[in-house]
Amino acid sequence: MKELTLSTTFKIYEQLSELPSAVFSLMESAVAARDTAYAPYSKFNVGAAILLDNNKVVIGSNQENAAYPSGLCAERVAIFQAGALYPNAKIKTIAITATSQNHKVSLPIPPCGACRQSMAEYESRQNEKIELYFMGEEGAIMKSESLADILPLMFEKSHL
Ligand code: THU
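Analysis parameters
- Residues numbered from 1 in each chain as written.
- Predicted model: local features only at pLDDT ≥ 70, side-chain atom pairs only at ≥ 80, totals over all residues.
- Heavy atoms only, no water.
- Phe/Tyr/Trp six-rings, centres within 6.5 Å; stacked < 30°, edge-to-face > 60°.
- Helix = DSSP H or I, 4+ residues; strand = E, 2+ residues; numbered from the N terminus.
- Expected span 1.5 Å × (residues − 1).
- Buried < 20%, exposed > 50% of the residue type's maximum accessible area, 1.4 Å probe, protein only.
- Contact = heavy atoms within 4.5 Å.
- Axes fitted to C-alpha atoms, helices over the stretch in contact; angles between N-to-C directions.
- Parallel < 35°, antiparallel > 145°, perpendicular 65-115°, else oblique.
- Left-handed = near helix turned anticlockwise from the far one by under 90°.

Participant: Help me out: how do you make sense of the packing of aromatic side chains in this one?
Facilitator: What characterises a pair of aromatic rings is the spacing of the ring centres plus the angle enclosed by the ring planes. In this structure the tally under the stated criterion is four aromatic pairs. Look at Y41 and Y68: their rings are 5.3 Å apart centre to centre, the planes differ by 40°, and that puts the pair in the tilted class. Of the two residues, Y41 sits in the loop between helix 1 (21-34) and strand 2 (44-52) while Y68 sits in the loop between strand 3 (57-61) and helix 2 (74-85), which places them 27 residues apart along the sequence.

In structure tokens:
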């Protein structure tokens with residue numbers, strides 16, 4: 001029997017003003033994207049903004065549906081949109097933020113498992129790390145250097 005230990009390091013920025021300026025404006029795009037969420041059921045608005053190596057920014061927000069599983073998270077709306085609009089561009093940075101119509105969201109909100117899986121495949125495909133910043137509505141911002149770091153032992157196309 002052997003053991004395998006995997007560890008991840010995050011950076012934590014206490015406030016938005018600590019972010020590098022390009023990331024600060026990307027996060028501003030994510031904040032604006034929150035307002036485009038269609039979240040009448042969860043009342044939880046998520047915004048995502050993606051910076052590409054062609055300097056374009058692609059945004060997404062969660063889009064819910066009365067048939068609940070038919071809805072889609074902000075991160076996948078954004079990344080699929082980026083893939084469809086700019087199939088040859090590489091993704092540099094993703095910024096995510098969430099707010100609730102019911103309470104203040106003060107903790108950084110990490111992407112769900114399905115979104116990690118989807119985003120991680122774009123990272124493998126482009127063979128270059130994607131940095132990920134996520135926050136709530138206020139408070140600290142967390143940064144992961146890559147998608148692989150937040151999805152250890154990911155399922156990949158090489159497993160098929
Ligand atoms: N949501 C996202 O947009 N991203 C995530 O990573 C987690 C959850 C959305 C889905 C749903 O519309 C609402 O937040 C509550 O789960």
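Moving on from the coordinates now.
Participant: Could you clarify how one ought to interpret helix 3 (residues 113-126) in this entry?
Facilitator: Taking 1.5 Å of rise per residue, 14 residues should cover 20 Å, and helix 3 covers 20 Å from first to last C-alpha, within 8% of that figure. Of all the positions in helix 3, only C115, S118, M119, A120, Y122, E123 and Q126 are classed as buried. Structurally, helix 3 contributes buried residues whose contacts are with helix 2, strand 4 (91-100) and strand 5 (131-135). A positive phi of about 55° marks N127, the residue just after helix 3.

Participant: I would appreciate a short explanation of the packing of helix 2 against helix 3 in the present structure.
Facilitator: Helices that pack against each other are described as a pair by the angle of their axes relative to one another and the distance between those axes. In contact at an axis separation of 9 Å, helix 2 and helix 3 are set at 20° when each is read in the N-to-C sense. By the criterion of interaxial angle, the relationship of helix 2 to helix 3 is roughly parallel. The way helix 2 lies across helix 3 gives a crossing that is left-handed. Along its contact with helix 2, which presents E75, R76, I79, F80 and G83, the element helix 3 presents A114, C115, S118, M119 and Y122.

These values are about where atoms sit, not about what they do.
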